[in-house]
Every structure is written in structure tokens, then in C-alpha cells.
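# Residue-level structural notes
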Amino acid sequence: MKFPHTLSIIGWQGILSLSNLYCSVELSKFEWWSSSEDDGHILLYDIDSGDTHILGADAFEIFLLMAEKNVSFDILVTKCQDRLPDQDALLLSRYLDETLANLASLGLIRRLGYQL
Amino acid sequence: MKVAELSKKLVLDLLSRGELTLQLSPFVVRFNSNVPAIARDIQILYADFDVLPNTDFADFHVELRFVFGIRRWLSPQVQFFFDGRPSFSNLPVAQAFPTLEWGLNWCVAAHSHQYLVIHAAVIERDGVTVLLPAPPGAGKSTLCAALIHRGWRLLSDELALFDFSSGLVFGMARPVSLKNRSIDIIRRFSPNSVLTTPVMTESKGLVALMKPPSGSVMRVIEPARPNWIILPKFEADSASLLVKHSPARTFLLIAEQSFNYHVHGQNGFKAVAALVDQCRCAQFTYSDLDDAIEVFSDLDSRLGK
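Being a predicted model, the structure only gives us computed values, none of them experimental.

### Notes on the pattern of salt bridges
Residue and element names in this part refer to chain B.
- Evaluated as defined, the whole model comprises 17 salt bridges over all chains.
- Across the pair Asp13 and Lys9 runs a salt bridge whose closest N-O atoms are separated by 3.1 Å. Linking Asp13 with Lys9, this pair stays in helix α1 (residues 8-17), spanning 4 residues, or about one helical turn.
- The salt bridge partner of Arg153 is Glu124, with a shortest N-O separation of 3.1 Å. Within this pair, whereas Arg153 is found in strand β9 (residues 153-156), its partner Glu124 is found in strand β7 (residues 115-125), the two being separated by 29 residues in sequence. A single burial state applies to Arg153 and to Glu124, both of which are buried.

What follows is the structure in C-alpha cells.
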């Protein structure tokens, strides 16, 4: 399932929390590392699976936010707007769609199978 | 006593009795073989290594034996044994010495979990220690062979043994494996280098092994702290070019090129992080060995701060 109709969700942002769609992340199950040179990437180690992933800094920030209880979509949107101020809402929502889908495909976040 | 001090007959005798015990720091290896051809190669390529009493503890017991049967006389083959167990396919007797070397590499890579074992060459000079991780065919061994003929110390051509607690790398200073065109390139680059007779192999093409420099073998017990990770890449007709490489991508490459990263789990992750943290990371493209030597003589200024 693609993240459903993000724009419409943005309209629901006060009501619908991401926890309806994805399980929250347990950070204790991960270890991460980034170089002091800050090359824009973070290495993430999944303690349960033993897999190592490389994430862009933005994706990693979203991953960290997913660890917060009931993180709302507007927090993610705001975060992305801070980082990508020139992007319009549609591009931002697509970016979030893709990032969340990517994190899910890596097994870093888990979908609940909930569909609008 | 050094291997060079043993007569060929004595090497043969010790081998046939399974009593040739060599200090290949940080390990001790006991060899057993009924293949006379490898006695000559051991005598030449391991000339500077210490022979230990047969009573000493050995980490690895390796054997290379003729395969029995009619094939023994028609088309002789050899088989590698580790701790008495046959390992790998039989190979033609002409490949006996490379088979022994590959088998020994496997023993170390598959069983030395006290280290993070990385497929990388390691060289050192005046406190500058460079790890050269690379997939096969990248030009790692050619570059390594050239550098050790120009004053760099060889720690390893193939296996870097990263110690978790100290952050130091051990190497065994064993023979350097050269393949295909690199054999003639190194012969021309360093006419005094001592190489085995090249043999054609199915898996790697033409293979020859080069004797490690005596100075490197004498210092084999000294580990070194890596401060550079350089990804070598041979590219025909290219100028020598040293450029920064993403530490995160370097991390992934080290993990991929490690034989036991997955075995160590979270500790493996921490070890690679610690290794990359203590190093500058770069990619080095080259075609001319003299140019390459020049770049390596002043890595800091070539890459910039």
C-alpha cells in the first residue's frame, strides 16, 4: 500500500496520527553512526535482523521522529518544510510518501495494514 | 631458526611428517604435505619466517595431499585439508602452492573471530598506515606490491586483522598474490622481485605469488594503527587521482569486504565505525605505478585538509 493520499491526510493532520498507519519505532533496537565529516549519510544497524542500512540525513530524521509516540503528520511536514523550504506541498508529501515507504521496505518501520 | 636456514630435504621431511611449524604472526601454522613442489615454494617465499618446534601449539593444521587413484598418475591433483578435513575442490598439482595459500587465507578468514577480518591490503610507512580494501580486480595487490618495493612495510596483501579493543591492525606479511597482467607489470617495475612460476587457474586466471620483503617479515609482530582507508582502482591510461570518499560509503564497503562482520553483530558495527572514525577516506584511481608511489609519498597534501 502506498501511503494513502498524503494531501488529504494533511487536511486531517489534527485528527489522524501516523500511528494509525505505522508502528512507532523502538530506538533501542537500533544503533547508528555518522562520520564527524558529516557527509549527509547515517549508517543504521538493526539489532534484531543484523542488517546495516545507509540512510540520508533527512530520512534518518524522519525515522527518529517515528520513534515519538503518536507523531503527527504535521510534525513531519513541518520538519520537511524546514529542510526543503522551496518545495511545494505536493512535492513534500510525495517526498514523505517515498521516504516512509522506503523505511518500511527496509524493515525499519512497520505498516499496520490500515487503509483509509 | 628461519625457513631459509633449512635445506630443501629437511623442508620436505618436515612437510611429509606434518611437522613444519611456522610462526605466521599472529598465528602459528603447521604444514603437512606429500607434494614435493610446495617445499621449494615454501622455502623461497617463506624464507624469512621463523620455524618453531613441532611441540608448539598451532592455531591451524593445514595439509595438501595428492588425490589418490589412477588420476594420481594421469592428471595429478591435490586437495587441501584443514584439521584433517578435506576442504575445497581438488585442483591440478601445478596449482599446489596457490591452493595452499588460498586454503590458508580461508582458515584465517573463517576462524579468526577474535578480529574483524577485512579483505584488504595493509601497508605502513613512518606511522602512516593505509588500508586498501577492494573487490577482486580493482588493482589492490598490484598497487600494494609496487608500494612495498618502494619502502612501504607490508602488513598484508589480502587479510587485515582489526583488533576490537586496541584499534590496531595485524597482518601476516605473507606472499602477495599477483594475477594476469599485474605479474609482468611488477616484474618490470621491480626486476628483483621474487615470484613463483605463474600458473593458469580456472577461477583467477594466471597467478603468481611474490615473496614479501624481508624487512616486513622481520616486523610482522608489530601491528599498526590505520589512519587512511583508500579504495584503489586501476583504470588504464588514467592520471593518478586521489579524491575524498564518503566515510559512510567507506563504512559499507568495509562491512561488505569483511569476512565476519555479520558474525560480530553489533560489535562488528561498532568496530567498523571505530575504524572509519580513525581514518581519512579516499578513492585512488591510477594507471602508472611511479605516479602512484609519488601520490602515496604525500597523502595529506594530495588530498587536502
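### Focus: the side chain of B:Ser33
- Inspection of the secondary structure assignment puts B:Ser33 in strand β2 (residues 27-33).
- From its side chain, B:Ser33 meets the backbone oxygen of B:Leu64 in a polar contact 2.7 Å long.

### Structural notes on the sheet that holds strand β6 (residues 85-92) of chain B
Residue and element names in this part refer to chain B.
- The strand order across the open sheet formed by 6 strands is β3-β1-β2-β4-β5-β6, and the pairing between neighbours is mixed. Looking at the sheet topology across the chains shown, the edges are occupied by β3 (50-52) and β6. Put simply, the sheet's adjacent strands are angled 30° from each other on average, direction ignored.
- Two elements, strand β5 (residues 77-82) and β6, share 5 bridges in a ladder whose sense is antiparallel. What sits directly across from Gln77, in β6, is Pro92.

### Thoughts on helix α10 (residues 289-296) of chain B
Residues and elements named next belong to chain B.
- Along α10, the positions that sit buried rather than exposed are Leu289, Ala292, Ile293, Val295 and Phe296. End-on, the buried residues of α10 take up no more than an arc of 160°, which puts them together on one face.
- The opening residue of α10 is Asp288, an N-cap whose side-chain oxygen sits 3.0 Å from the backbone nitrogen of Asp290.

### Some words on the packing of α1(B) against helix α2 (residues 36-45) of chain B
Residue and element names in this part refer to chain B.
- Remark: α1 packs on α2, axes separated minimally by 9 Å, with the N-to-C direction vectors making an angle of 120°. Our classification of the angle between α1 and α2 gives oblique. Two packed elements cross with a definite hand, and for α1 against α2 that hand is right-handed. Facing Lys8, Val11, Leu12 and Leu15 of α1, the residues of α2 in contact are Pro36, Ile38, Ala39, Arg40, Ile42 and Gln43.

### A closer look at the environment of A:Ser49
Residues and elements named next belong to chain A.
- Mapped onto the secondary structure, Ser49 falls in the loop between β2 (41-46) and β3 (52-56).
- What makes Ser49 partly exposed here is its relative accessible area of 40%.
- For the pair Ser49 and Gly107, spaced 58 residues apart in sequence, the C-alpha to C-alpha distance is 9.1 Å.
- In terms of polar contacts, Ser49 uses its side chain to reach the backbone amide nitrogen of Asp51, at 3.1 Å.

### What about the pairing of strand β8 (residues 128-133) of chain B?
Residue and element names in this part refer to chain B.
- Counting buried positions along β8 yields 5 of 6 residues, so the element is predominantly enclosed.
- Bridge analysis of β7 against β8 gives 6 bridges, and the strand direction is antiparallel. When the sheet's bridge partners are listed, Val122 is paired in β8 with Leu131.
- Of the pairings in the sheet, the one linking β8 to strand β15 (residues 228-234) comprises 2 bridges and is parallel in character. When the bridges of β15 are listed, Val130 appears paired with Trp228.

### Quick notes on the environment of B:Ser297
- Mapped onto the elements, B:Ser297 comes out in the loop between α10 and α11 (299-303).
- Taking the C-alpha atoms as reference points, B:Ser297 and B:Trp152, 145 residues apart in sequence, are found 9.6 Å from one another.

### Focus on the confidence of the model for chain A
- The share of residues in chain A with pLDDT of 70 or more is 69%, and the mean pLDDT across the chain is 74.
- Note that residues 1-17 of chain A has pLDDT below 50 and, in this model, 34 contacts with residues that lie over four places away or in other chains.

### Looking at the packing of aromatic side chains
- In this structure the tally under the stated criterion is 19 aromatic pairs over all chains.
- Seen from their ring centres, A:Phe30 and A:Phe63 are 5.0 Å apart, and the 85° between their planes marks the pair as edge-to-face. Taken as a pair, A:Phe30 in strand β1 (residues 30-33) and A:Phe63 in helix α2 (residues 57-65) lie far apart in primary sequence, 33 residues in all.
- When the ring of B:Phe251 is compared with that of B:Phe269, the centres are 5.1 Å apart and the planes differ by 55°; the resulting orientation is tilted. Here the residue B:Phe251 occupies a position in helix α8 (residues 247-256), and B:Phe269 occupies one in helix α9 (residues 261-277), the gap between them amounting to 18 residues.
- Owing to a relative accessible area of 1%, B:Phe269 belongs among the buried residues under this scheme.
- The cationic tip of B:Arg150 hangs over the ring face of B:Phe189; the distance from NZ or CZ to the ring centre is 4.0 Å.
- Positioned above the aromatic ring of B:Trp102, the side-chain terminus of B:Lys204 is 5.3 Å from the ring centre.

### Topic: the nonpolar core
All names here are of chain B.
- Grouped together as the largest cluster of nonpolar side chains are 41 residues, with contacts concentrated most on Leu20, Leu24, Phe31, Ile38, Tyr46, Val62 and Leu100.
- The contact partners of Phe31, leaving out residues within four places of it in the chain, are Leu14, Leu15, Gly18, Glu19, Leu20, Leu22, Leu24, Val62, Leu100 and Leu104.
- Counting residues in hydrophobic clusters, the runner-up holds 33 residues, among them Ala121, Ile123, Ala208 and Ile230.

### Side note on the interface of chain A and chain B
- In this complex, chain A contributes 13 residues to the contact, which on the side of chain B involves 14 residues.
- Where chain A abuts chain B, roughly 1300 Å² becomes buried across the two surfaces, and 65% of that area is made up of carbon and sulfur atoms.
- Together, A:Glu31, A:Trp33 and A:Tyr45 form the three largest contributors to the area buried by chain A at its contact with chain B, with a combined 43%.
- Run the count over chain A and chain B and you get 0 salt bridges.
- Between the two partners, chain A and chain B, sit 6 residue pairs in polar contact (both at pLDDT 80 or more).
- Residues belonging to the side of chain A that touches chain B are distributed by class as follows: 7 nonpolar, 3 polar and 3 charged.

The rules behind each value
- Residues numbered from 1 in each chain as written.
- Chains lettered and ligands numbered in written order.
- Predicted model: local features only at pLDDT ≥ 70, side-chain atom pairs only at ≥ 80, totals over all residues.
- Heavy atoms only, no water.
- Salt bridge = Lys/Arg side-chain N within 4 Å of Asp/Glu carboxyl O.
- Helix = DSSP H or I, 4+ residues; strand = E, 2+ residues; numbered from the N terminus.
- Buried < 20%, exposed > 50% of the residue type's maximum accessible area, 1.4 Å probe, protein only.
- Polar contact = N/O pair within 3.5 Å; in protein donor to acceptor, adjacent residues only side chain to side chain.
- Pairing = 2+ DSSP bridges.
- Axes fitted to C-alpha atoms, helices over the stretch in contact; angles between N-to-C directions.
- Arc of directions from axis to C-beta.
- Parallel < 35°, antiparallel > 145°, perpendicular 65-115°, else oblique.
- Left-handed = near helix turned anticlockwise from the far one by under 90°.
- Contact = heavy atoms within 4.5 Å.
- pLDDT = per-residue confidence, 0-100.
- Phe/Tyr/Trp six-rings, centres within 6.5 Å; stacked < 30°, edge-to-face > 60°.
- Lys NZ or Arg CZ within 6 Å of the ring centre and 35° of its normal.
- Core = buried A, V, L, I, M, F, W, Y, C linked by side-chain atoms within 4.5 Å.
- Buried area = accessible area lost by both parts, 1.4 Å probe.
- Nonpolar A, V, L, I, M, F, W, Y, C, P; charged D, E, K, R; others polar.

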